[in-house]
Amino acid sequence: MTDVRLNMAKVEAEAAVRPRRRPGGARARERAAWGFVAPALIAIGVFFAVPVFAALLLSLTDFDIYALADLDNVRFIGVQNYERLFGNPLFWGAMKNTGLFAVLGVPLSIAASLAAAVILNARVVKWRPLWRVIFFAPFVTTLVATAVLWNYLLHTRYGVINWAISSVGLSPVDWLGQPSTSIPAILMFVVWKIFGYNMLIFLAVLQTVPDDLYEAARIDGAGVWKRFTHVTLPAIAPTLLLVSIISVASFFQLFAEPYVMTQGGPAQSTVTVLYFMYEEGFKWWNLGSASAVAFVLFVCILAVTLVQLAVAKRMGAYE
Amino acid sequence: MSVIRPDRRAALGLLAGAAASGLAGCGRRDDGVLRLTFWAMGNEATNVPLLLPEFERLNPGIKVDVQALPWSAAHQKLLTAYAGDSLPDLSQVGNTWVSEMAAIGAISALPDFASDLLTDQFDAVLETNRIDGRVVGVPWYVDTRLIFYRSDLLEQAGYGAVPPTWAGWKQAMLAVKRVVGSDKYAVLLPLNEFEQLLTFGLQGDQSLLREQATRGNFSSPSFVAALAFYKSLFDEGLAPVASAAQISNVWTEFARGWFSFYFSGPWTIGDFRNRLGPETRWMTSGVPGPDGMGASAPGGSSLVVYSSSPRQEAAWTLVRYLSDPAVQARFNVVTGNLPARQSAWSAQAVANDPYIAAFKGQLARAEAVPKVPEWERIVTEMQIVAERMVRGEYTPEAAGAEIDRRADRLLEKRRWMMERGRA
């Protein structure tokens, strides 16, 4: 550290002594800086900016199965893909389902991970590393394998969940077979699958909250709940914002779970926007309209994230 | 045909294959053995390897590598493989996909030396494999849908067999409904399946698409009559307003008499045989039509050779072997699939099955569906409209017009292509 600072001081001193060379030196330093960031910028350009721009162009064409055979069959059709999309009831159904997943799933998963983190952070809990592993294990297990397992758990006649329900005298639920229960069933699985990751983030930030704050609050007579709302929550507010943004983005991109568990059924009740895009793009091979779906989804996620940021700013979660 | 003109696609495919595995792509290795990659689906993929040792004995220079695809993902995988230049040498393809694969130029036309494979076939099935006058796929096994019915309940209602016309059939359904009681139904027509309505529609004298298959023809009098017949079965309480997902299992409900007529294909024979008790008597019958026994859509799979394959001759040799009536009869014993070659039907196991007899008649009456790549989407839309019609949103005439409107939109690109002389 001292070396660097010394060098910087030396460079600045030299520059001050010889003002004539100052612009040239700055330009050289700028060039060097560009040289250092160039690899990253090139990678972002080639693997992100160019494909996104290409997809935007693609969404303005009718690229389809005929175009696959011969590129001359592509037509530029302006915003027609978007118009048709907004006139398609299945697309709005997919938007509604995705919205439901996000509205129910984000608070549920954040609550679950925060609760797990707070419990694990408590001094009284024994075997903490073991619990951490158990809670985190679902997140690192293969999605398809766990989805198949949950299909068994949710089975109408042989599943352990229905066995528990019927052992308390209620009638069994056809979880994945009815449009009204398919989203809650998949949500249970998704929350179980992802809460471990957010838990880890919360756990890390909880450990940075100084103990003396809690002590002071306790001396002032604050109970467990008061300490949580007045010490813990303000301390982790920026993290809460981060986690909620990540969660919203990931719930908007829900795809593999319905794909493995229900294939979008029953009665298209679990078709999410991404699943809809997959069918447009790879089942019917309408890459133009699939790209349009991708852009609509992007705009939706962006809008929700901006709203979240605005709300968080008003509540003082960050500067 | 045996000399392959090197083109971009073949070269890329070869490169991709070579890069990917170093084995599959470069078929001719030092030992002089040709390795064919053959994609098959589901049950066929499981069982076709049983037939191959014999083929490899007869053709010592060729080895076949069977790769299995699940049916649910097969269609996507074929198109993706085409886009990525990594198609196999040959594959099984659902009959209704042939037009699509041909439209993108993925499959080779039947070479002259294999033209004898087209004899001894069912006309309608062969027709689905003929694109612009050229045959591009060889039917491997066939199926079609017909009616499975409770012969015991029909007898109680006073009928010895399914009447051959819609009107007579409906009278029989009403009689069955009187026997089983008002809480039960006569026929199962799941609202999320297009096959039943499509069958009624195919039986009319008007084709389903018009103007060289560039516009829908669903408001023709014959299709509107089919829509009206379909709707009346629900309106008169003969069919439950339900989708397939709401029927937990078909054979239990069939045994209980919840419905007595069921539309399905040959795969249901095995199911019913294994699951229905001996006290439940059932039979198969051809589908009634507007005036006399009617048509249904031919199904099943064809074998196609991809134009990207540098091993055309060997691939067609395998197609020839799998189309041999004796081999097909053996395949029928293993899988239960109905053979595409008519002479294979005289084999003992096929000829002696009472449930299969009706299929032969129905296949002879089968009618090919329009061969446009958009067809699957069109019938999907057709059924969405039909479900709304059944739920009271449309009259049959209005439903026909609505299906036309949706079909015309799906076919817009095709019209543009036809105008420019590309399709």
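Note that the structure is predicted; figures quoted are calculated from it, not measured.

### Section: the overall build of chain A
Logical step 1: A count of helical and extended segments in chain A gives 14 helices and 0 strands.
Logical step 2: Compactness check: chain A gives a C-alpha radius of gyration of 26 Å against a globular reference of 20 Å for 319 residues, more than 25% above the reference.
Logical step 3: In terms of overall dimensions, chain A has C-alpha extents of about 85 × 75 × 35 Å along its principal axes.
Logical step 4: Counting the 319 residues in chain A, one finds 26% classified as buried.
Logical step 5: For chain A, the proportion of contacts with a sequence separation of at least 24, taken over those separated by at least 6, is 66%.

### Some remarks on the overall build of chain B
Logical step 1: A count of helices and strands for chain B gives 19 helices and 14 strands.
Logical step 2: A globule of 423 residues ought to have a C-alpha radius of gyration of about 22 Å, and chain B, at 23 Å, matches this closely.
Logical step 3: Each principal axis of the C-alpha atoms in chain B carries an extent, and together these give about 75 × 55 × 35 Å.
Logical step 4: The buried share of chain B, reckoned over its 423 residues, is 44%.
Logical step 5: By sequence separation, contacts in chain B at least 24 residues apart represent 74% of the contacts at least 6 residues apart.

### Some details on helix H9 (residues 195–202) of chain B
Residues and elements named next belong to chain B.
Logical step 1: Among the 8 residues in H9, 7 count as buried, and that is most of the element.
Logical step 2: Those residues of H9 lying buried are Gln196, Leu197, Leu198, Thr199, Phe200, Gly201 and Leu202.
Logical step 3: Elements that come into contact with the buried residues of H9 comprise helix H10 (221–235), strand E11 (261–264) and helix H17 (375–390).

### Considering the UniProt feature "domain: ABC transmembrane type-1" (unreviewed entry) in chain A
Logical step 1: UniProt marks residues 95–308 of chain A with the feature "domain: ABC transmembrane type-1" (unreviewed entry), using the numbering shown here.
Logical step 2: Across residues 95–308 of chain A, helical content stands at 77% and strand content at 0%; the span's end C-alpha atoms are separated by 19 Å.

### Overview of unusual backbone geometry
Residue and element names in this part refer to chain B.
Logical step 1: Even without being a glycine, Asp132 presents a positive backbone phi close to 50°.
Logical step 2: Residue placement: Asp132 occurs in the loop between strand E4 (130–131) and strand E5 (134–135).
Logical step 3: Among the residues examined, Asp132 registers 11 C-beta atoms within 10 Å and is labelled exposed.
Logical step 4: Located in the positive-phi region is Glu211, a residue other than glycine, with phi close to 50°.
Logical step 5: With respect to the secondary-structure elements, Glu211 resides in the loop between strand E9 (209–210) and strand E10 (215–216).
Logical step 6: Its 11 C-beta neighbours within 10 Å are what place Glu211 among the exposed residues.

### Focus: the UniProt feature "transmembrane region" (unreviewed entry) in chain A
Residue and element names in this part refer to chain A.
Logical step 1: UniProt tags residues 32–58, 99–121, 133–153, 183–206, 235–256 and 284–311 as "transmembrane region" (unreviewed entry).
Logical step 2: Between the end C-alpha atoms of residues 133–153 the distance is 22 Å, and the span holds 90% helix and 0% strand.
Logical step 3: A helix fraction of 86% and a strand fraction of 0% characterise residues 235–256, whose end C-alpha atoms lie 35 Å from each other.

### Brief notes about the pairing of E11(B)
Residue and element names in this part refer to chain B.
Logical step 1: In the sheet, strand E7 (residues 146–149) pairs with E11 via 4 bridges, with the strands oriented antiparallel. Opposite Leu146, over in E11, you have Ser264 as the bridge partner.
Logical step 2: As defined by bridge partners, strand E8 (residues 187–188) adjoins E11 across 2 bridges and the pair is classed as parallel. Considered in E11, the bridge of Leu188 is made with Tyr262.

### A short note on the interface of chain A and chain B
Logical step 1: In this assembly, 15 residues from chain A lie in contact with 16 residues from chain B.
Logical step 2: Looking at the side of chain A that touches chain B, the elements with two or more residues in it are helix H3 (65–69) and helix H13 (273–283) of chain A.
Logical step 3: No other element matches the 4 residues that H3(A) contributes to the side of chain A that touches chain B.
Logical step 4: For the side of chain A that touches chain B, the residue count by class is 9 nonpolar, 3 polar and 3 charged.

### What to know about the confidence of the model for chain A
A low pLDDT score tells you not to read the predicted coordinates there in detail.
Logical step 1: The predicted model of chain A averages 86 in pLDDT, with 91% of residues at 70 or higher.
Logical step 2: Of all secondary-structure elements in chain A, the lowest mean pLDDT belongs to helix H1 (residues 2–17) of chain A, at 52, while helix H5 (residues 89–121) of chain A reaches the highest, 92.

### Some details on the sheet that holds strand E6 (residues 138–144) of chain B
Residue and element names in this part refer to chain B.
Logical step 1: Strand order in this open sheet of 6 strands is E2-E1-E3-E13-E6-E14, and the pairing throughout is mixed. Looking at strand neighbours, the two that pair on one side only are strand E2 (62–69) and strand E14 (338–339), the edges of this open sheet.
Logical step 2: Both strand E1 (residues 34–41) and E2 contribute to a ladder of 8 bridges, which runs parallel. Residue Thr37 lies in a different strand from E2, and its bridge partner there is Asp65.
Logical step 3: Contacting E1, E2, strand E3 (90–94), E6 and strand E13 (298–305), helix H13 (residues 312–322) runs over the sheet at an angle of about 145° to E13.
Logical step 4: Across the face of the sheet, helix H16 (residues 357–365) comes into contact with E6, E13 and E14 while running at roughly 115° to E6.

### Here we look at the confidence of the model for chain B
All names here are of chain B.
Logical step 1: Residue-level pLDDT values for chain B average 87, and 91% of them are 70 or greater.
Logical step 2: Averaged pLDDT values over the elements of chain B bottom out at 45 in helix H1 (residues 8–21) and peak at 96 in H10.
Logical step 3: A low-confidence stretch, residues 1–6 (pLDDT under 50), is modelled with 9 contacts involving residues beyond four sequence positions or located in other chains.
Logical step 4: The low-confidence segment residues 8–28, where pLDDT is below 50, has 28 contacts with residues more than four positions distant or belonging to other chains.
Logical step 5: Here the predicted complex carries an ipTM of 0.70, next to a pTM of 0.77.

### Focus on the sheet that holds strand E12 (residues 283–285) of chain B
Logical step 1: Pairing within the open sheet is mixed, and its 4 strands lie in the order E8-E11-E7-E12 (chain B). The strands lining the two open edges of the sheet, one partner per strand, are E8 and E12 of chain B.

Calculation rules
- Residues numbered from 1 in each chain as written.
- Chains lettered and ligands numbered in written order.
- Predicted model: local features only at pLDDT ≥ 70, side-chain atom pairs only at ≥ 80, totals over all residues.
- Helix = DSSP H or I, 4+ residues; strand = E, 2+ residues; numbered from the N terminus.
- Rg over C-alpha atoms; globule rule 2.2 N^0.38 Å.
- Buried ≥ 20, exposed ≤ 12 C-beta atoms within 10 Å, placed from the backbone.
- Contact = placed C-beta atoms within 7 Å.
- UniProt positions renumbered as here; feature names shortened; annotations may be inferred.
- Pairing = 2+ DSSP bridges.
- Nonpolar A, V, L, I, M, F, W, Y, C, P; charged D, E, K, R; others polar.
- pLDDT = per-residue confidence, 0-100.
- Axes fitted to C-alpha atoms, helices over the stretch in contact; angles between N-to-C directions.

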